[in-house]
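Architecture at a glance
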Amino acid sequence: MDKITAPTPEQLKKQEALKQYFEKLGSVAVAFSSGVDSTYLLKVAHDVLGERAIAVTASSCSFPKRELGEAEAFCRKENIRHFITESEELEIEGFAQNPKNRCYLCKHELFEKILKIAEEQNIAYVAEGSNLDDNGDYRPGLKAVAELGIKSPLRDCGFTKQDIRVLSKALNLPTWEKQSFACLSSRFVYGETISEEKLAMVDKAEQLLLDMGFHQVRVRIHGMMARIEIEPEEFSKLMEKENRERIAKTFREYGFTYVTLDLCGYRMGSMNETLEK
């Protein structure tokens, strides 16, 4: 993570543009995952619109309980109206087979549910938290965003992930230094069947690493093999005898046959690297 400093005039200008964006919308339902981007987006929306800004969080087996708990706690603290919708991806036709457009199938179903909640609450628009840095990766979910008319305020106002972290810190948001997160289904190789059992294995494995103090983690699953991605500067910590043995032993207890460390370290969307071949 880059060093976080005080907001620059350019970053403050983007934040002002975001506020004006929400003023023009008049009312908005924010797809809220409790991550870095959606927390900042929701905070600014609520500051501008008050009761006319609501949060909607999808609860599913690919969304860790810790994230749902953090979403609920944030909305209580900020006095934001919060709606939780059940979004069981494994019931979507074709999703469990993990096709290359898996994210599209999921996002389309999710945003349809959020649109329905927004309509019921007399909210005019739905917004999601993608930013400019998301443009460089394979993101089929953005196709669903475009098809359903979902707003992307952070992208539209030119925000990068670093902008969001800097401005989040200035607003005293607890997520300013939170690790990046994506749904647990993104840990599977395309074409490998996604199951509730394996999602739980990945969830527990990543939680273990977080509890041990590793900051940015991914546990990718290949059959019954775990491929750990962490920041390269934390390799030495993982390879300490006590930590290495604890991780290997516990991962096997979770159901993994083999436990490996990816020498390239953490990077966003590493499962998409196979799509280039």
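These notes cover the structure that comes with them.

Calculation rules
- Residues numbered from 1 in each chain as written.
- Predicted model: local features only at pLDDT ≥ 70, side-chain atom pairs only at ≥ 80, totals over all residues.
- Heavy atoms only, no water.
- Helix = DSSP H or I, 4+ residues; strand = E, 2+ residues; numbered from the N terminus.
- Rg over C-alpha atoms; globule rule 2.2 N^0.38 Å.
- Buried < 20%, exposed > 50% of the residue type's maximum accessible area, 1.4 Å probe, protein only.
- Areas by Shrake-Rupley, 256 points an atom, 1.4 Å probe, with all protein chains shown as cover.
- Lys, Arg positive; Asp, Glu negative; His and termini not counted.
- Charge placed at Lys NZ, Arg CZ, Asp CG, Glu CD.
- Pairing = 2+ DSSP bridges.
- Axes fitted to C-alpha atoms, helices over the stretch in contact; angles between N-to-C directions.
- Contact = heavy atoms within 4.5 Å.
- Phe/Tyr/Trp six-rings, centres within 6.5 Å; stacked < 30°, edge-to-face > 60°.
- Polar contact = N/O pair within 3.5 Å; in protein donor to acceptor, adjacent residues only side chain to side chain.

1. A look at the overall build of the protein chain
Each helix and strand in the protein chain was counted, giving 10 helices and seven strands. For the protein chain, whose C-alpha radius of gyration is 19 Å, the value lies close to the compact-globule estimate of 19 Å for 277 residues. Taking the principal axes of its C-alpha atoms as reference, the protein chain extends roughly 55 × 45 × 40 Å. Of all 277 residues assigned to the protein chain, the portion counted as buried reaches 53%. Put simply, the protein chain shows about 13100 Å² of open surface, and 50% of that area lies on carbon and sulfur atoms. For the protein chain, the separation between the mean place of its 39 positive charges and that of its 45 negative charges on side chains is 2 Å.

2. Some thoughts on the sheet that holds strand β5 (residues 218-222)
Sheet strands pair via backbone hydrogen bonds, and the direction of the pair is either parallel or antiparallel. Taken in spatial order, the three strands make up an open sheet running β5-β6-β7, and their pairing is mixed. Looking at the sheet topology across the chains shown, the edges are occupied by β5 and β7 (258-261). Put simply, the sheet's adjacent strands are angled 25 degrees from each other on average, direction ignored. The pairing of strand β6 (residues 225-229) with β7 spans four bridges and is classified as parallel. Across the sheet, the residue bridging to Arg-227 is Thr-260, located in β7. The strands touched by helix α8 (residues 196-211) are β5 and β6; relative to β5, the strand with the most contacts, the crossing angle is about 150 degrees.

3. Brief notes about the sheet that holds strand β3 (residues 82-86)
Taken in spatial order, the four strands of this open sheet run β3-β2-β1-β4, and their pairing is parallel. In this open sheet, the two edge strands, each paired with only one partner strand, are β3 and β4 (125-127). Taken pair by pair, the neighbouring strands of this sheet meet at an average axis angle of 30 degrees, ignoring direction. Sheet analysis places strand β1 (residues 28-31) next to strand β2 (residues 53-59), joined by four bridges and oriented parallel. The partner of Val-28 across the bridge, within β2, is Ala-53.

4. Some remarks on the packing of aromatic side chains
If you walk through the whole model with that rule in mind, you get five aromatic pairs. When the ring of Tyr-40 is compared with that of Phe-159, the centres are 5.7 Å apart and the planes differ by 55 degrees; the resulting orientation is tilted. Placement of the pair is Tyr-40 in helix α2 (residues 36-49) and Phe-159 in the loop between α6 (153-156) and α7 (161-170), with a sequence separation of 119 residues. By relative accessible area, Tyr-40 is classed as buried at 0%. Taking the centre distance of 6.4 Å and the plane angle of 35 degrees together, the rings of Phe-251 and Tyr-254 count as tilted. Here Phe-251 and its partner Tyr-254 are both found in helix α10 (residues 241-254), three residues apart, which amounts to about one turn of the helix.

5. A word on the side chain of Ser-38
Relative to the helices and strands, Ser-38 is located in helix α2. A polar contact is formed between the side chain of Ser-38 and the backbone nitrogen of Ser-33, at a distance of 3.1 Å. Setting aside anything within four residues of it in sequence, one finds Ser-38 in contact with Val-30, Ala-31, Phe-32 and Ser-33.

Geometric values such as these leave the question of function open.
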